[in-house]
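# Commentary on secondary and tertiary structure
Listed below are the residues making up each chain.
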Amino acid sequence: MELSQRDITYLPGVGPKRAAMLKKELHVSTALDLLYVFPYKYIDRSRFYMIREIEDTETYVQIIGEFVDWKTIGIGKSQRLSALFTDGTDTIETVWFRGVQYVKLERGVKYILFGKPTFFNHTYNIVHPELELLSRVNLETHKGLEPHYNTSGEMKAGWLNSKAMRKIIAGIMPDLKQGIPDTLPQSLREKYRLMDLTQSLVNIHFPTDTQSLRQARARLKFEELFYIQLQILLQMKRRESQFVGFPMPRVGAAFNDFYFNHLPFSLTNAQKRVIKEIQTDLKSGKQMNRLLQGDVGSGKTLVALLCALLAKDNGYQTCIMAPTEILANQHMQTLTQMLQGTSVRVDLLTGSTTKKQREGIHSALLSGQTDILIGTHALIEDTVQFANLGLVIVDEQHRFGVAQRAKLWTKNVNPPHVLVMTATPIPRTLAMTVYGDLSVSVIDELPPGRKPIQTLHYTQLRRDGINRFLREQINKGRQIYVVYPLIEENKKSDLVDLENGYRYMCEHFPDCRVSMVHGKMKAKEKDMHMQQFASGETQILVATTVIEVGVNVPNASVMVVENAERFGLSQLHQLRGRVGRGAEQSYCILLTRVELSKDTRKRMDIMVATNDGFRIAEADLQLRGPGDLEGTQQSGLPFELKIASLSTDQKLLEIARQAAMDILDDDPELSSTENEMYRRQLGKLKQRVVDWGIIS
Ligand code: ADP
Ligand code: MG
């Protein structure tokens, strides 16, 4: 029977109980599925160590020798067995804390002892070593790299540990070695010198040597990345041929009047370049799908406005969608202010727009009087209809799901051009996968005159000093943000933290006015507090991360992040971006508890070391992996990578993408018989990974 048809229940060493566990924990139900559970590490079993060669606690060692002396210490649960093992020259202590009654040592018998050394009492020891009788081991076959598998706590409790997994998978090997159909055509394998599937699966589990392991990994990673790219690019080609974009070739009165008479400052070179890139798309006759990345404060709003004016000059309306009401209001304010004295009409539609206002806006939209509509999710509702929507701008993209974006496309006969703006820099590999079908523009320059923000990391023990510093800033007329971790659903303690923080600030700064904002507040109340802070009526704003996105208060010069250890890197960077928006020196103070994990310490160090959003995003990707990254968390990474890594396999990803591109250039629909395998494989993957349909 084919491996893809063989139920794991009937494999040697499995049975119904373990089969159920494998299904639940690893989503594995056939022998073939099991072959795709890849080891996470390998241990070299061909090398035997002498005890004196042990030099660290990182490497597993195996030693041939015998036990010379042992004793059990203690009784019952706290019983412990300590045994002295010699390789003939030196000795090492081995210890068992558990299962002492099952360890039966014999004198004068040679063992292979295997384990990871620990360093204790100025010397190396081995705790819970594995033992095999040398006489039972065939040294001819006892070599090579031994695979180790990740198993869940539940699996371990059911004795389905790495060793058991190894045995089960080893049991499938004879059948696998008969050969299974490849999932990449021979031509492609030859072109990129890829190992065939059978060999790759054999060697990923039981590599004959490191060279074959490397080749097996390369092939499996390539395949994984290749099919994702093929899917993304296929969708992109389909879209390009299906949707013609609204042509916007003209630069007219609206743009020119604003540019020459109302622009409050000159554009940075990066802003100019990005606008040119967008303009090229707008007149291309194809529908634009562009991602605009620009660090916080790089001036994306202005770019958005200029694009909207281009659309107006060509007879089209624009809508700008913001993730929060606060942000939508702020855009409204900024744009209205900048557009004073022009004939451009901007409207605002959010959850708190009254029914009456709403009706007015609906009709202004339909009659074409509205040039730019700013709003929140409220924009997506079916009742919102445009006379001629030509451009959709989505601000702070990661807050919106892909489905919501898609819905905006249906608001005109053809999908409008789409510009997605984000301040969360997305590492290149991630952009190529999650947003693989978008063109990318980058604003990599801040407006002149900004002083780099100084970032400081302190523990909570330093509160007094920090308060003195905050006092100085307030005396200089500056304002201060104090941010607490997000209030999650049902997480009362967060709200308590925030309220305590509010009271603390009120007590320590009795002459100051303090605002408080959090996500559980009514929108009206929230806006009122935000407004008070923005206008300078209050000096301190105690808030949760609702302020993370986009808020602009140039007079605020200090960002204090409480419990900074609970934030991810990108989020910290976003928060820091709320200050440093005026001409004054700004500060970001990260407060953590004293004891920190290694990763947290790294995060804090990176924040202190750099202001560069792209470096931070790369570091975040390395530290946390793509699944947890801000920017993919909300919209979701639409697939799970089993073996390739977006942090380390950038090169391979680019090769795989090029390979997919070459194939689609010749055969955009994959309709030729020689490309049938690709089509079939994409179909299978779509079935297996439910969310794959989202990559479009
Ligand atoms: P973000 O990219 O984070 O959305 P904003 O669009 O809010 O940034 O811009 C941040 C600040 O920089 C705003 O106060 C804006 O008016 C200002 N700004 C934008 N472009 C320029 C420029 N070319 N020169 C000077 N200031 C600018
Ligand atoms: Mg912005």
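### Here we look at the sheet that holds strand 17 (residues 454-459)
If you trace the 6 strands from one edge of the open sheet to the other, you get 17-22-21-18-20-19, paired in parallel fashion. Both outer strands of the open sheet, strand 17 and strand 19 (514-517), are each paired with one neighbouring strand and no more. Averaged over all pairs of adjacent strands, the angle between their axes in this sheet comes to 20 degrees, without regard to strand direction. As judged from the 4 bridges shared by strand 21 (residues 556-561) and strand 22 (residues 587-592), these two strands associate in the parallel manner. Among the inter-strand pairings, Met559 is bridged to a residue of strand 22, identified as Cys588. Across the face of the sheet, helix 15 (residues 463-475) comes into contact with strand 17, strand 18 (479-483), strand 20 (540-543), strand 21 and strand 22 while running at roughly 160 degrees to strand 22. Here helix 17 (residues 523-534) sits on the sheet in contact with strand 18, strand 19, strand 20 and strand 21, set at roughly 140 degrees to strand 19.

### Points about the side chain of Arg189
Its place among the elements puts Arg189 in helix 5 (residues 186-191). Take Arg189: its relative accessible area is 17%, and that puts it in the buried class. Not counting chain neighbours up to four residues away, the residues in contact with Arg189 comprise Asp182, Leu184, Leu194, Met195, Asp196 and Arg219.

### Observations concerning the domain arrangement of the protein chain
As assigned here, the protein chain comprises domain 1 (47-143), domain 2 (253-282 + 299-422) and domain 3 (454-610). On a C-alpha basis, the centroid separation for the pair domain 1 and domain 3 is 54 Å.

### Thoughts on the layout of surface pockets
In this model, the second largest pocket occupies a volume close to 1200 Å³. If you go around the second largest pocket, you meet 25 residues; those closest to its centre are Arg98, His128, Pro129, Glu130 and Asn161. Broken down by secondary-structure element, the contributors of at least two residues to the lining of the second largest pocket are strand 5 (111-115), strand 8 (130-133) and helix 4 (162-177). Residue classes in the lining of the second largest pocket are distributed as 11 nonpolar, 7 polar and 7 charged.

### Looking at the pattern of salt bridges
Inspection of every chain in the model, using the stated rule, returns 29 salt bridges. For Arg52, the salt bridge goes to Asp90, with nearest N and O atoms at 3.3 Å. In this pair, Arg52 sits in the loop between strand 1 (41-44) and strand 2 (61-73) while Asp90 sits in the loop between strand 3 (80-86) and strand 4 (91-96), placing the two residues 38 residues apart along the sequence. Here Asp662 ties to Lys191 by a salt bridge, and the two come within 3.8 Å at their closest N and O atoms. Of this pair, Asp662 sits in helix 21 (residues 650-666) while Lys191 sits in helix 5, and the two are 471 residues apart along the sequence. The class for Lys191 is exposed, based on a relative accessible area of 54%. Sharing partners across several salt bridges, the network here consists of Arg273, Glu277, Asp281, Arg290 and Asp444.

### Quick word on empty space enclosed by the protein
In this approach the atoms are scanned with a rolling probe the size of a water molecule, which exposes any empty space left behind. On inspection of all chains with the given rule, the structure shows 2 cavities of 30 Å³ or more. What the largest cavity holds in volume is close to 60 Å³. If you go around the largest cavity, the residues you meet are Arg463, Ile466, Asn467, Leu470, Val482, Tyr504, Met505, Val560, Glu562 and Leu591. Broken down by element, the residue count for the lining of the largest cavity peaks at 4 residues, all from helix 15.

Definitions and limits used
- Residues numbered from 1 in each chain as written.
- Chains lettered and ligands numbered in written order.
- Predicted model: local features only at pLDDT ≥ 70, side-chain atom pairs only at ≥ 80, totals over all residues.
- Heavy atoms only, no water.
- Pairing = 2+ DSSP bridges.
- Helix = DSSP H or I, 4+ residues; strand = E, 2+ residues; numbered from the N terminus.
- Axes fitted to C-alpha atoms, helices over the stretch in contact; angles between N-to-C directions.
- Contact = heavy atoms within 4.5 Å.
- Buried < 20%, exposed > 50% of the residue type's maximum accessible area, 1.4 Å probe, protein only.
- Domains from an automatic or database assignment.
- 1 Å grid on protein atoms, 1.4 Å probe; cavity = no way out; pocket = protein on both sides within 12 Å on 5 of 7 lines; lining within 4 Å.
- Points joined across faces, edges and corners; volume = space filled by probe spheres on them.
- Nonpolar A, V, L, I, M, F, W, Y, C, P; charged D, E, K, R; others polar.
- Salt bridge = Lys/Arg side-chain N within 4 Å of Asp/Glu carboxyl O.

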